[in-house]
Amino acid sequence: MIPHSDTRVDPLQIWIVEDHRLFRGGLAELLRSAPDIKCPHAIGNAEHACRLLAAEEPPDVMLLDVNLPGMSGIEALPRFKELAPKMLVLILTVFEDSKRIAEAIRAGADGYLLKTADFHSLLAAIREAYAGGAPMSPAVARKAIELVRDAKKPVVGTLAEPLTGREREVLTVLCEGLSIGEVSARLGVSVHTVDFHLRNLYSKLGVHSATGAVAKAVREGLV
């Protein structure tokens, strides 16, 4: 995801899609207590969320549970992206198994967070995603790295326009779930330079987000 403008003054709009009523309500109240966030909708199932997305202006960020009644979060994610292509979707779940992480990334998730995270960490992850990062809880980031390392690569994917050495470095670091600022620090280049390489990287890979880039890297053995 290319970073959004840092001149934004309006509060971030957040929707929650979560079937556990008490958790959903408590999280909504906590989000509403943050001065730079609004949470107009806390929704119990994906079908209701689809109807709202079709009828209203979509939020900046959706927090999405995986294990929902009816349509699961993973099943719903591509439909949400169709209805609101610019909306960021962060998985928020108790599940940290590799299968669900891989499914979420392939479905287009912009981040993968665990419910065990404290509220301040969650707020930081939401802001990081809006700034262009792909936040992951530490345990999830480790699993994502393992997925990349263990992916079978009988045929290395080819691109119409090959990646440069720096673009491949950026892609490799993205697979660790780092934010743009962390990529900048790791590679010793400016945030603007990282953004430049990300734009070229996304164009060559035919994706629109960091998680899309990671999914393609895993699928086609690019790292």
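In case you missed it, the structure is sitting above this.
These numbers were taken from a predicted model, which means no experiment stands behind them. The residue numbering used here restarts from 1 in each chain and proceeds along that chain's sequence as written. Predicted model: local features are reported for residues with pLDDT of at least 70 only, side-chain atom pairs are reported and counted for 80 or more only, and whole-chain, interface and lining totals are derived from all residues. Excluded from the side-chain calculations are hydrogens and water; all other atoms, namely the structure's heavy atoms, are used.

J.: Would you mind showing me how to read the nonpolar core here?
T.: The tendency in soluble globular proteins is for nonpolar side chains to be buried side by side. Residues grouped as a nonpolar core are buried Ala, Val, Leu, Ile, Met, Phe, Trp, Tyr and Cys residues, joined through side-chain atoms within 4.5 Å. The rule is simple: take the accessible area with a 1.4 Å probe, protein chains only, and divide by the maximum for that residue type; under 20% is buried, over 50% is exposed, in between is partly exposed. Met62, Leu64, Phe80 and Leu174 are the most contacted members of the largest nonpolar core, which totals 57 residues. Membership of the second largest hydrophobic core comes to 22 residues, among which are Leu12, Ala125, Ile126 and Tyr130.

J.: Please clarify how the packing of helix 7 (residues 165-174) against helix 8 (residues 180-187) should be interpreted in this entry.
T.: Pairs of packed helices are described in terms of their axes, by the angle between the two and the distance that separates them. Axis lines are fitted through C-alpha atoms, for helices just across the contact stretch, and the angle between N-to-C directions can take any value from 0 to 180 degrees. Comment: elements are numbered from the N terminus, with helices defined as DSSP H or I runs of at least four residues and strands as E runs of at least two. Two elements in contact, helix 7 and helix 8, have axes whose closest approach is 10 Å; the angle formed by their N-to-C orientations is 125 degrees. It follows from the interaxial angle that helix 7 and helix 8 lie oblique. The handedness of the crossing between helix 7 and helix 8 comes out as right-handed. The segment helix 7 lies against helix 8, with Arg166, Glu169, Val170, Val173 and Leu174 engaging Val183, Arg186 and Leu187. Note on residue categories: nonpolar means Ala, Val, Leu, Ile, Met, Phe, Trp, Tyr, Cys or Pro, charged means Asp, Glu, Lys or Arg, and polar means any other residue, Gly included. Taken together, the residues that form the contact of helix 7 with helix 8 break down as 5 nonpolar, no polar and 3 charged. If an angle is under 35 degrees, it is roughly parallel; if it is over 145, roughly antiparallel; if it lies from 65 to 115, roughly perpendicular; otherwise it is oblique. Take the far helix as your reference; a near helix turned counterclockwise from it by less than a right angle gives a left-handed crossing, and one turned clockwise gives a right-handed crossing. In what follows, a contact means two residues having at least one pair of non-hydrogen atoms within 4.5 Å.

J.: Hey, could you run me through the pairing of strand 4 (residues 88-93) in this one?
T.: Side chains on a regular strand alternate between the two faces of the sheet. Of all 6 residues making up strand 4, 6 are buried, and the element is well covered by its neighbours. Burial along strand 4 is two-sided: the residues Leu88, Leu90 and Leu92 and Val89, Ile91 and Thr93 are all buried. Pairing of strand 3 (residues 61-64) with strand 4 involves 4 bridges; the strand directions are parallel. Counterpart to Leu63 in the pairing with strand 4 is Leu90. Chirality of the crossover, the property in question, places the unit of strand 3, helix 3 (residues 73-83) and strand 4 among those that are right-handed. Pairing between strands is defined by DSSP: at least two bridges between the two strands are required. Pairing between strand 4 and strand 5 (residues 111-114): 4 bridges, direction parallel. Bridge assignment links Leu90 to a residue of strand 5, and that residue is Gly111. When the strands point away from the viewer and the connection leading from the first strand across the helix to the second strand turns clockwise, the crossover is called right-handed. At this point the chain moves from strand 4, through helix 4 (residues 98-107), to the parallel strand 5, and the crossover so formed is right-handed.

J.: I tried to follow the pairing of strand 1 (residues 12-17) on my own but got confused; where do I start?
T.: The buried fraction of strand 1 is high, at 5 of 6 residues. Strand direction decides the pairing type here: strand 1 and strand 2 (residues 37-43), joined by 5 bridges, are parallel. Residue pairing in the sheet places Leu12 in a bridge with Ile37 of strand 2. After leaving strand 1, the chain enters helix 1 (residues 21-32) and then returns to the sheet as strand 2, a path that is right-handed. Bridging between strand 1 and strand 3 involves 4 bridges; their strand directions are parallel. In the strand pairing of strand 3, Val17 is matched with Leu64.

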